[in-house]
Amino acid sequence: MKERIRTVVSEHARLSVPIEELGDESDLFQAGMTSHASVSLMLAIEEAFEVEFPEALIRRSTFQSVTSIEHALLELGGVAA
Amino acid sequence: MSLVRVTERAAPDQSATETRPDTETALWFGPTDRPLFGWVHRPADDTAVGAVVLCPPLAREWTNAHYAYRMLAQLLAAAGMLAVRFDYDGTGDSAGVDGDPARVAAWLASISAAIELARESGSASVSLVGMRMGALLAAVAAAKTEPIDGVVLWDPCPSPRAFLREQSALHRLALEDHPVQEGVVELPGMVLDAETATDLGSLEVPDSRHPRARVLLLTRPGRRPQVDLAGALGTEVAEGPALGQERLLDVDLAEREIPVETMGHIVSWLTTQNRRPASTITVPRRESARIGVAGTSVTEQAVRIGPAGLFGIVTDPDEAKVSTTVLMLNSGNNSHTGPSRLWVDLSRHWASMGIRCARFDQSGLGDSPTRPGQAPQVIRAPENFDDVEDARRVLATDPTDVALVGLCSGGYQALEAALSQPMRAVCAINPVLHFTPPELADGPMDPRRRICWPVGSFVGAYRLLAVEPVRRQLSKLLWRVAHLLHRRRNPTGWLDRLRDQSVDVLILCGVNEGRSFGMEAYDTLATADGDRIQIEVIEGLDHALVPAWQRADVATRMTDHLVRVLFPPERPTASDATAPGHGPTETVAR
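It should be emphasised that the depicted structure is a prediction, and the values quoted were computed from it without experimental measurement.

Q: What should I look at first to understand the overall build of chain B in this one?
A: Looking only at helices and strands, one finds 17 helices and 21 strands in chain B. The proportion of buried residues among the 590 residues of chain B is 54%. A separation threshold of at least 6 residues defines the contact pool for chain B, and within that pool the share at least 24 residues apart is 69%.

Okay, structure coming up:
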């Protein structure tokens, strides 16, 4: 799952550093992801994993890192690893 | 079309229009008990081959698109068409607030009124242009109104629900630990009640297929509307790319770029559609309006200011209770409506308390032209000193009795102006004192700048301290050294001067803003002279006051301050004067 997330992040988060230079725990906002880009990332994750984030999960901490996104997807359940 | 020029001091890819204030008329229209505000741009010879009504997007997208809409209207007028741009009911300078009920019906009625204004002006044909949610609203209006000659759907939202979800997510993801208000949907710059959110989410375009309707659909890759909008409107549909929308809408306002190529495409398409003989245009004049505010009403008047012809709106009470005039300045690239429309709400509220208020656009910003040789859309321009001086002389009942209100660059300019011009009071929110003045690109710093700390000097070195704990520990020491080295710009010194000039000062700022220009240095002064110089550092305050509850909090604090400063003790206390949209008050952290 992490690799799929990293692929989506690299395509939509508009980071100022290559995704390869970031760890799974790295802060994506500190790596240059703007709030607009985080919305694009959210929508792309939803499309890639066929889920819809509920309002309670739409917060900065959910999209802070690859790991936090993975946790959110697992929390939603039904997502293929 | 003689329109595009770029100067060295303009932001990258920002284009300037040749301003023609004499062909641009600000006016109120629509219902007299609930007036709408708008602009009519007409060709110089007062004839037009058709009219185009520009339906704006909603929420922060309105803010980002405002200058592009103004440019597009100027381009259309230069191409021989009459262009109407307007603010929906409860938005911009129109009457009402975004929390009023039945917003969707009101917005659609606003489009109908703008169409009626275009027809009253003498145009035989009317086309609509709408961007994002403005495109969906224009599509609904076009399907219900006959006859509409052409419709341009400019980067329409995939669906109303997608717009709501995307914008509410943007609001949440932009803010850390943001408390969620129950029963409302908060978007950046706008709050919708549940009914309006439901109405908007279920908005559908009826299938009209007017035989005369022609449609231009401009979309971003992968972001087409989920329903066949264009097909529902007409039989002749042209398509094209909505170029440059990401750089217009999906960025902070300060980084926005104008999609000149797409605007040229729109003008070209509309010009091709409007092949009728030109008709004479007569624009109705209604430059003032009565605006209802909490059981009473105030008068608003559109004005031009000084030799530069700056644009402003004066809000007058029926009976002025003080001689002071409050002047509100632009916040960065925001228009005169202020951060998320706060200046509009405050103008009307304070006028209802008996205080004359005026919000205006400094040169090159919002709806104001540039001064000779000045580039548009440049914030903190040295010309802003002249702008405030002109506004003070023209708009104030007594030019020596003025209170200035500003946020960010406006807060800075208010403090600077108070040091050199006679002022009664200043309310500065999140003033930023360290920046690179634009004139440094081709010369020395303007000598009128007394409190600016140019980035690159000591301030730059401080900002390089990336480790937060180190910053915290060293900040006091560093600022003491900085203030010793730069005595003239030391906040303690210039706040002292303001106190000596009998200026009442309220500074409201977040922790970062307070820390970054050495707020600690004048805590002592604030404590020693709390009556005249009041500084409040507010935990968690967003720089642009995006959360509605923070705007309400700041409105309360400023209202309290103004009441204390402007009204004698026997006058109503602040607790009697309810600020617009009151919300919870944050703890003040000193």
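Next comes the rest of the description.
Q: I tried to follow the overall build of chain A on my own but got confused; where do I start?
A: When helices and strands are tallied, chain A shows three helices and zero strands. The N-to-C order of helical and strand elements in chain A reads α-α-α. For 81 residues, the compact-globule estimate of 2.2 N^0.38 gives 12 Å, and the C-alpha radius of gyration of chain A, at 11 Å, lies within 12% of that figure. Contacts spanning at least 24 positions in sequence make up 55% of the contacts within chain A whose residues lie at least 6 apart.

Q: Hey, could you run me through the sheet that holds strand β1 (residues 24-29) of chain B in this one?
A: Sheet strands pair via backbone hydrogen bonds, and the direction of the pair is either parallel or antiparallel. Residues and elements named next belong to chain B. Read across the open sheet, the eight strands follow the order β1-β2-β5-β4-β6-β7-β10-β11; overall the sheet is mixed. Lying at the two open borders of the sheet, with one neighbouring strand each, are β1 and β11 (236-241). The sheet shows a mean angle of 20° between the axes of neighbouring strands, direction not considered. The sheet contact formed by strand β10 (residues 214-219) and β11 spans six bridges and is parallel.

Q: Honestly, the domain arrangement of chain B in this entry has me stumped. Any pointers?
A: For an interface, size is often stated in terms of accessible area lost upon the parts coming together. All names here are of chain B. Splitting chain B by domain gives domain 1 (21-158 + 209-280) and domain 2 (288-576). With 15 residues of domain 1 at the interface, the matching set in domain 2 holds 18 residues. Where the side of domain 1 that touches domain 2 is concerned, the elements lending two or more residues are β1 and α1 (60-78). Considered class by class, the residues forming the side of domain 1 that touches domain 2 number 10 nonpolar, three polar and two charged.

Q: When you look at the packing of helix α4 (residues 160-174) of chain B against helix α5 (residues 194-201) of chain B in this model, what are you seeing that I'm missing?
A: In a packed pair of helices, the relevant descriptors are the angle between the two axes and the axis-to-axis distance. All names here are of chain B. Where α4 contacts α5, the two axes come as close as 7 Å, and the packing angle between them is 130°. Comparing the axis directions of α4 and α5 gives the class oblique. The residues of α5 that touch α4, namely those facing P160, R161 and L164, are A197, L200 and G201. The residue makeup of the contact of α4 with α5, split by class, is four nonpolar, one polar and one charged.

Q: What am I meant to see in the nonpolar core here?
A: What tends to happen in soluble globular proteins is that the nonpolar side chains get buried as a cluster. All names here are of chain B. V53, A139, V151, L153, L404 and V426 are the most contacted members of the largest nonpolar core, which totals 195 residues. The element best represented in this core is α1, accounting for 12 residues. Three or more residues apiece are contributed to this core by two domains, here domain 1 (21-158 + 209-280) and domain 2 (288-576). Aside from chain neighbours lying at most four places away, what touches V426 is A403, L404, A414, L415, A418, V503 and V505.

Q: Would you take a moment to explain the sheet that holds strand β19 (residues 425-429) of chain B for this structure?
A: All names here are of chain B. Strand order in the open sheet formed by nine strands is β13-β14-β15-β17-β16-β18-β19-β20-β21, and the pairing between neighbours is mixed. Only two strands of the sheet have a single neighbouring strand rather than two, namely β13 (288-293) and β21 (533-538). Across this sheet, the average inter-strand angle for adjacent strands is 20°, counted without regard to direction. Where strand β16 (residues 325-328) and strand β18 (residues 402-407) come together, four bridges link them in parallel fashion.

Q: Is there a simple way to think about the environment of L327(B) in this case?
A: All names here are of chain B. Positionally, L327 belongs in strand β16. On the basis of neighbour counts, which here come to 24 C-beta atoms within 10 Å, the residue L327 falls in the buried class. On a C-alpha basis, the gap between L327 and G406 in space is 8.7 Å, while along the polypeptide they are 79 residues apart. Discounting chain neighbours no more than four positions away, the residues touching L327 are A358, A391, R392, L395, V402 and L404.

Q: Please explain the interface of chain A and chain B as it appears in this structure.
A: Opposite the nine residues of chain A that make contact, chain B presents nine residues. Considering only residue class, the side of chain A that touches chain B consists of four nonpolar, three polar and two charged.

Q: I'm lost on the environment of A425(B) in this one. Help?
A: Within the secondary structure layout, A425(B) lies in strand β19. As for A425(B) and D401(B), which are separated by 24 residues in sequence, their C-alpha atoms are 8.4 Å apart.

Q: Any chance you could explain helix α1 (residues 2-12) of chain A here in plain terms?
A: What sets the pattern is the α-helix's 3.6 residues per turn: residues three or four places apart point alike. When we look at burial in α1(A), the residues that qualify are I5(A), V8(A), V9(A) and H12(A). Along the axis of α1(A), the buried residues cluster in a sector spanning 100°; they form a single face.

Q: Help me understand the pairing of strand β15 (residues 310-316) of chain B in this model?
A: All names here are of chain B. Most of β15 is tucked away, with seven of its seven residues classed as buried. Residues L310, G312, V314 and D316 line one face of β15 and the alternating positions F311, I313 and T315 line the opposite face, and both faces are buried. Bridging between strand β14 (residues 296-305) and β15 involves seven bridges; their strand directions are antiparallel. Along β15, the bridge assignment pairs A302 with I313.

Q: What is the right way to look at helix α8 (residues 260-273) of chain B in this model?
A: All names here are of chain B. With 14 residues, α8 extends 20 Å from end C-alpha to end C-alpha; this agrees with the ideal 20 Å at 1.5 Å per step. Turning to α8, its buried residues number three or more, namely V260, T262, M263, H265, I266, V267, L270 and Q273. Buried-residue contacts for α8 involve β4 (51-55), α1, β6 (126-131), β7 (150-154), β10 and β11.

Q: Before we go on, may I ask you to explain the packing of α1(A) against helix α3 (residues 66-76) of chain A in this structure?
A: All names here are of chain A. Interaxial distance between α1 and α3 falls to 10 Å at its minimum, and their mutual angle equals 120°. Compared by their axis directions, α1 and α3 come out oblique. α1 and α3 meet at a crossing whose hand is right-handed. Contacts from K2, I5, R6 and V9 of α1 reach α3 at V66, I69 and E70. Its residues assigned to classes, the contact of α1 with α3 comprises four nonpolar, no polar and three charged.

Q: When you look at the pairing of strand β9 (residues 190-193) of chain B in this model, what are you seeing that I'm missing?
A: Looking along a regular strand, one sees the side chains alternate between the two faces of the sheet. Residues and elements named next belong to chain B. Two elements, strand β8 (residues 184-187) and β9, share four bridges in a ladder whose sense is antiparallel. Opposite L187, over in β9, you have M190 as the bridge partner. Hairpin remark: β8 followed by β9, antiparallel, with two residues in the connecting loop; positive phi at G189, about 85°.

Q: Can you help me understand the confidence of the model for chain B in this one?
A: All names here are of chain B. Confidence along chain B averages 85 in pLDDT terms, with 83% of residues attaining 70 or more. Segment residues 1-19 is flagged for pLDDT under 50; beyond a separation of four residues in sequence, or across chains, it makes 43 contacts in the model. In the predicted structure, residues 581-590 sits below a pLDDT of 50 and forms 26 contacts with residues beyond four places in sequence or in another chain. Model confidence for the complex is summarised by a pTM of 0.88, with the ipTM given as 0.92.

Conventions and cut-offs
- Residues numbered from 1 in each chain as written.
- Chains lettered and ligands numbered in written order.
- Predicted model: local features only at pLDDT ≥ 70, side-chain atom pairs only at ≥ 80, totals over all residues.
- Helix = DSSP H or I, 4+ residues; strand = E, 2+ residues; numbered from the N terminus.
- Buried ≥ 20, exposed ≤ 12 C-beta atoms within 10 Å, placed from the backbone.
- Contact = placed C-beta atoms within 7 Å.
- Rg over C-alpha atoms; globule rule 2.2 N^0.38 Å.
- Pairing = 2+ DSSP bridges.
- Axes fitted to C-alpha atoms, helices over the stretch in contact; angles between N-to-C directions.
- Domains from an automatic or database assignment.
- Nonpolar A, V, L, I, M, F, W, Y, C, P; charged D, E, K, R; others polar.
- Parallel < 35°, antiparallel > 145°, perpendicular 65-115°, else oblique.
- Core = buried A, V, L, I, M, F, W, Y, C linked by C-beta atoms within 7 Å.
- Arc of directions from axis to C-beta.
- Expected span 1.5 Å × (residues − 1).
- Left-handed = near helix turned anticlockwise from the far one by under 90°.
- pLDDT = per-residue confidence, 0-100.

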